[in-house]
Structure formats: structure tokens, C-alpha cells
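# A look at the structure
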Amino acid sequence: MKTALACLTAVFFCATPGYADNMEAAAPSVGDLSPDGFDWSGAYLGAFVAGISANAEYDPLCSAGCLPGIRDLDGVGWSSGVLLGWNHQVDNFVVGVEGDYAFGSAVADYGGLVEATEYSFESIATLRARLGMTHDNTLIFADGGLALVETTFSSADLPVTGGLATSDSKWLTGWVIGGGVEHAFDESFAVRLDYSYMGLPNTSYFLTNGVDTADISHSFNGVHTIRIGLTYSFGL
């Protein structure tokens, strides 16, 4: 009986030559094993442009005398730069790290009756941790970390009205938190849109025309950034 059963089994498999091919075709690829068939894991490089909205204020103290009072320093500027990061996907969750560097512009100004000042972000660098959730080739993420900003406070009216244009620059260390959405067109290219809030410390700037001086006490009420970017994934 056992011999007959073995013979029948052998005849069945031999009579179905496509069986092995079907088994091979049914085997899932590595990519198919990832959630929803797409894997965000790997290193990536990208570029972005951003709009920056800054809300700040300053209080000047001039050796030759300034009008008393706190001035609002508000405005909108822009930046553009590059980013480099790495993701690792586990199930539908993505963790990663990302660093970026951007060149900026004037982001705020004050135009009074006898005083005009301008505030600029010359350079902006951040290092962020990322956490996200995927749905196929779309990633929704939150991020946060360290922010370094090269700032410049400049004026043609301080320390004295009608004086020579003066300025002072400082690097500020703060923090950044935000989030966004990223959509992959294929295994290599993805587009993203994100928002971030930057916290920067109060600081002071010193302006002089060689004779008179102005000490500027400066503080931030909020720095908001919206970025749009394009990334290329190496899949490493």
C-alpha cells in the first residue's frame, strides 16, 4: 500500500511540470515582505527651499542717545540648502536621523520714523531625530533636535541717526521641533513638505561707528519655517 502511494505521489508531481515554477513564482521578494510593499530604510540626500517667518523684538541703548522703548522686529525671509539623512523601517514605523545646512536672508526688519534696522539669518544648520509612520509610499513624520543659526543685526541709524551702516553677527544655539509628510514616486525619489518651530535664545548685539555705540538687547517670540524638498534615496 505504501509503495503504491509513493508511486502515485511521484506520478502526480512528475505530471505537473509547472509545479516547481509556480512555487518559485509564489515566493515573495524581499521588497514584498516590507509593510505595504515599500521600504523607507536607507540613506538619502536632498535639497530644499524654505520660507521663514520671524517674530522678535529689541531694545537699544545708545551712547549718543536713542529713542526709548522696545521695537518689534517682524518679517518673512527665505532659505535654501541641502540635507542628508538615514532611515530604518520596522513594520510600519520609521526611525531616523537627518542633518541639514541652508543659506538664508533677511528675515525681519523695523522701520521707524528715525530708525531702520534689519535682522538676517545668514546660515542655518539643524540635526534632528525623526519618527514616522508609513502607508505604502507615504511617510508622516515628526522630528526635533539641535539648531545652529548665524544671525546678523544691522542698521544705518544706530548708534546715531544718519550714521554709517553698522552690524554685528553671532552664532546662536537653540532647538527645533516639527513634522511633515513625504511621498515617494519610486524607490529613489521622494518629495516632502514640512513645518518646524525654532527656539532661539535671547542675545545682545554691539554696534559702533567708531565713535558712538549701541547695545542691542534682542529676543525672539517665534521662528516658523515651511520647507519643500526633493530627496534621492541610496537604499543603503
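Below, the structure is looked at part by part.

As a further point, take a negative patch on the surface. Together, Asp72, Asp74, Asp109 and Glu118 give the surface a local cluster of negative charge. Checked against the element boundaries, Asp74 lands in strand E2 (residues 71-90). Classification of Asp74 as partly exposed rests on a relative accessible area of 33%.

By the element assignment, Ser155 lies in strand E6 (residues 138-155). Residue Ser155 is classed as buried on the basis of its relative accessible area of 5%. A polar contact is formed between the side chain of Ser155 and the backbone oxygen of Ala116, at a distance of 2.9 Å.

Before going further, it helps to examine empty space enclosed by the protein. Following the criterion strictly, the structure yields one cavity of 30 Å³ or more and no others. Size it by volume and the largest cavity reaches roughly 100 Å³. Along the wall of the largest cavity there are 13 residues; nearest its centre are Ser79, Ile124, Met198, Thr225 and Arg227. Going through the elements one at a time, strand E1 (42-62), strand E3 (93-103), strand E5 (116-135), strand E8 (189-199) and strand E10 (213-233) are the ones with two or more residues in the lining of the largest cavity. Looking at the lining of the largest cavity, its residues break down into six nonpolar, four polar and three charged.

Turning our attention to unusual backbone geometry. Phi is positive for Asp91, which is not a glycine, with a value near 55 degrees. Examined against the element boundaries, Asp91 turns out to sit in the loop between E2 and E3. Unusually for a residue other than glycine, Asp136 sits at a positive phi of about 55 degrees. With respect to the secondary-structure elements, Asp136 resides in the loop between E5 and E6.

The next thing to look at is the nonpolar core. Residues Tyr119, Phe121, Phe153, Leu200, Ile216 and Phe220 are the most contacted members of the largest nonpolar core, which totals 25 residues. Looking at this core, the elements that each hand over two or more residues are E1, strand E4 (106-111), E5, E6, strand E7 (166-184), strand E9 (203-208) and E10. For this core, the element with the most residues is E1, which contributes five residues. Not counting the four nearest positions on each side in its chain, Tyr119 is found in contact with Leu73, Ala106, Val107, Ala108, Thr151, Thr152, Phe153, Leu172, Tyr205, His218 and Phe220. Formed by seven residues, the second largest nonpolar core is a distinct cluster that contains Phe38, Trp40, Leu139 and Phe141.

Turning to its location among the elements, Asp100 is positioned in strand E3. Separated by 2.5 Å, the side chains of Asp100 and Thr126 make a polar contact. There is a polar contact of 3.2 Å between the side chain of Asp100 and the side chain of Arg227.

So, about the pattern of salt bridges. For the structure shown, the criterion picks out ten salt bridges. With a closest N to O distance of 2.9 Å, Arg192 and Glu98 form a salt bridge. A residue pair is termed long-range when its members are at least 10 positions apart, and Arg192 in strand E8 and Glu98 in strand E3 qualify at 94 residues. Of the two residues, Arg192 and Glu98, neither departs from the other in class, the shared state being buried. Among the salt bridges present, the one from Asp100 reaches Arg227, with a minimum N-O distance of 3.2 Å. Placement of the pair is Asp100 in strand E3 and Arg227 in strand E10, with a sequence separation of 127 residues. Each member of the pair, Asp100 together with Arg227, is buried. Three or more residues joined by partner-sharing salt bridges are found here, namely Glu98, Asp100, Arg128, Arg130, Asp143, Glu182, Arg192, Asp194 and Arg227.

To continue, consider the pairing of E7. Both E6 and E7 contribute to a ladder of 18 bridges, which runs antiparallel. By the bridge assignment, Val149 is partnered in E7 with Leu172. Where E7 folds back on E8, the antiparallel hairpin that results is connected by four residues.

Analysis parameters
- Residues numbered from 1 in each chain as written.
- Predicted model: local features only at pLDDT ≥ 70, side-chain atom pairs only at ≥ 80, totals over all residues.
- Heavy atoms only, no water.
- Patch = residues over 30% accessible without salt bridge, like charges linked within 9 Å, V, L, I, M, F, W, Y side chains within 5 Å.
- Areas by Shrake-Rupley, 256 points an atom, 1.4 Å probe, with all protein chains shown as cover.
- Salt bridge = Lys/Arg side-chain N within 4 Å of Asp/Glu carboxyl O.
- Lys, Arg positive; Asp, Glu negative; His and termini not counted.
- Charge placed at Lys NZ, Arg CZ, Asp CG, Glu CD.
- Helix = DSSP H or I, 4+ residues; strand = E, 2+ residues; numbered from the N terminus.
- Buried < 20%, exposed > 50% of the residue type's maximum accessible area, 1.4 Å probe, protein only.
- Polar contact = N/O pair within 3.5 Å; in protein donor to acceptor, adjacent residues only side chain to side chain.
- 1 Å grid on protein atoms, 1.4 Å probe; cavity = no way out; pocket = protein on both sides within 12 Å on 5 of 7 lines; lining within 4 Å.
- Points joined across faces, edges and corners; volume = space filled by probe spheres on them.
- Nonpolar A, V, L, I, M, F, W, Y, C, P; charged D, E, K, R; others polar.
- Core = buried A, V, L, I, M, F, W, Y, C linked by side-chain atoms within 4.5 Å.
- Contact = heavy atoms within 4.5 Å.
- Pairing = 2+ DSSP bridges.

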